[in-house]
Amino acid sequence: MLYQLYNLKKTFLHPILRFFQKQAPIFENTFKDPLIGRNIAGLCDILARVNHDIKKPDYRINETIVNGETVPVEEEVILDYPFAKLLHFKKAKKLNQPKVLIVAPISGHYASLLRDTVRTMLPDMDTYITDWKNARDVPLSDGYFSVELNTGYLIDFLQKIGPGTHMMAVCQPVVQVAAATSIMNAHKDKCAPATITLMGGPLDPRVKKTEVNKLAERYSLDRFKQTMLYKVPDEYKGAGRLVYPGVLQLTAFIMMNPDKHFMKFVKYHTDYIKNDQAAMKKHNEFYDEYLTVMDMDAPWFVETIDEVFQRYVFPKGEMLYKGETVDPLKVTKTALMTVEGEKDDISAPGQSYAAHDIFKNIPQNMQEHHLQPGVGHYGVFSGSKWRTFIAPKVKNFMLKHNKPIIWN
């Protein structure tokens, strides 16, 4: 029913709202007082924007600056798996830079939400990202996605990129990154990451629970299955696949801070009336990305609720990978950094920092932590404080430990 309602809205409501959006300038000339017209036109524009169907956003990264020189950049697909691509931001100039794999979250938004993360790392790092696919576009014949397969993808990606790679986990994937690191250290894999940076993620939600964590604990798995999962309809490639629709995740995010989002649109309306093009552009760029979501495969969603938010299998040492216990005590060669935002209300401070107690056998001189004052969840990986304060520390940490792991 959810998909049917969405398609009904897309078929009938979207064209009407787009029509009014295009006609908005007419309202400005209809009334004697131009402010009345601008008010109505601004409301039409907002209604059209929050309801229009946006395709997967582009990264829009065509160049970077390296040592004062502009270097062209192109996207290169290194591996193409059913549920993800390993994407390389290839520089036109051959440079001997450290390699970093940015592991994007699977939490409703596309990996392009980390555009600012990528842009900031690019000048100094040979940068890769996990470009997750919308589950509704993956045919059933390609099988199902799971937490175990998610972890396996990361291991495959690291082995493809090669020894000495650094790995950054932004939010949700801290558990899978920690698991992949534990497995590769246990197997003495030469491609085990040189460093891992865990940023604002739920490695151990027991430390300090947010509303997100409490909601995940409040209901049984059966309740989540009954109320949150929907079948993809016939018009999509993944027809028949059971998914957790991205629009439900987006609604949950918005309802955590409805007043904040409402006031941002109030400000946009004011900027529209004043014709502040710069402010309007900034608002639209953010919300065009924020309101664009993807669906998640049902097994992955249910297992994440179960393992990460209800049973805490990784911090308790109970996680399994292909029948093998994932043991963080096996990690001795990979350096560890954690990054948290003081005001993070999705993954509270302490949930990532818990890694320093979990990875007990990483030497102290290979561990660092940074708590960024004044930022919430998104400020950990994007925005001025990410670029000015956090990114330089992350890069310095990677450079400090920039060497392939050698096993005795």
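Before reading on, note that the structure itself is shown above.
Described in the following lines is the structure provided in the data block. (Residues numbered from 1 in each chain as written. Predicted model: local features only at pLDDT ≥ 70, side-chain atom pairs only at ≥ 80, totals over all residues. Heavy atoms only, no water.)

1. Quick look at the overall build of the chain
When its secondary structure is counted, the chain shows 14 helices and 14 strands. Expressed as a percentage of its 408 residues, the buried residues of the chain come to 52%. Contacts spanning at least 24 positions in sequence make up 78% of the contacts within the chain whose residues lie at least 6 apart. Total accessible area computed for the chain in this model is approximately 19,000 Å², and 55% of it derives from carbon and sulfur atoms. (Helix = DSSP H or I, 4+ residues; strand = E, 2+ residues; numbered from the N terminus. Buried < 20%, exposed > 50% of the residue type's maximum accessible area, 1.4 Å probe, protein only. Contact = heavy atoms within 4.5 Å. Areas by Shrake-Rupley, 256 points an atom, 1.4 Å probe, with all protein chains shown as cover.)

2. Side note on the packing of helix H8 (residues 221–228) against helix H12 (residues 298–310)
Between two packed helices, both the angle of their axes relative to each other and the distance between the axes serve to describe the pair. Between H8 and H12, the least distance of the axes is 10 Å, while the angle of their chain directions is 145 degrees. With respect to the hand of their crossing, H8 and H12 are arranged in right-handed fashion. Contact residues: Leu221, Phe224, Lys225 and Met228 in H8; Phe301, Val302, Ile305, Asp306 and Gln310 in H12. Classifying every residue of the contact of H8 with H12 by side-chain character gives 6 nonpolar, 1 polar and 2 charged. (Axes fitted to C-alpha atoms, helices over the stretch in contact; angles between N-to-C directions. Left-handed = near helix turned anticlockwise from the far one by under 90°. Nonpolar A, V, L, I, M, F, W, Y, C, P; charged D, E, K, R; others polar.)

3. What about the sheet that holds strand S7 (residues 195–199)?
Taken together, 9 strands build an open sheet; the order of strands is S1-S2-S3-S5-S4-S6-S7-S13-S14 and the sheet is mixed. Here the strands that pair on one side only, and so sit at the sheet edges, are strand S1 (63–66) and strand S14 (367–372). Neighbour-to-neighbour, the strand axes of this sheet turn through a mean angle of 25 degrees, independent of strand direction. With 6 bridges joining them, strand S13 (residues 335–341) and S14 adopt parallel strand pairing. Counterpart to Leu336 in the pairing with S14 is Gln367. The strands that helix H14 (residues 384–400) touches are strand S4 (99–103), strand S6 (166–170), S7, S13 and S14; relative to S7, the one it contacts most, it runs at about 155 degrees. (Pairing = 2+ DSSP bridges.)

4. A few points about H14
Between the first and last C-alpha of H14 there are 24 Å, a value that for 17 residues agrees with the 24 Å anticipated at 1.5 Å per step. Roughly 45 degrees is the biggest bend found in H14, and it falls at Ile390, with proline Pro392 one to four residues downstream. Among the residues of H14, Trp386, Ile390, Ala391, Val394, Lys395, Phe397 and Met398 are the ones counted as buried. Where H14 is buried, its residues contact S4, helix H4 (115–121), S6, S7, S13 and S14. (Expected span 1.5 Å × (residues − 1). Bend = angle between axes of the 7 residues up to and from the residue.)

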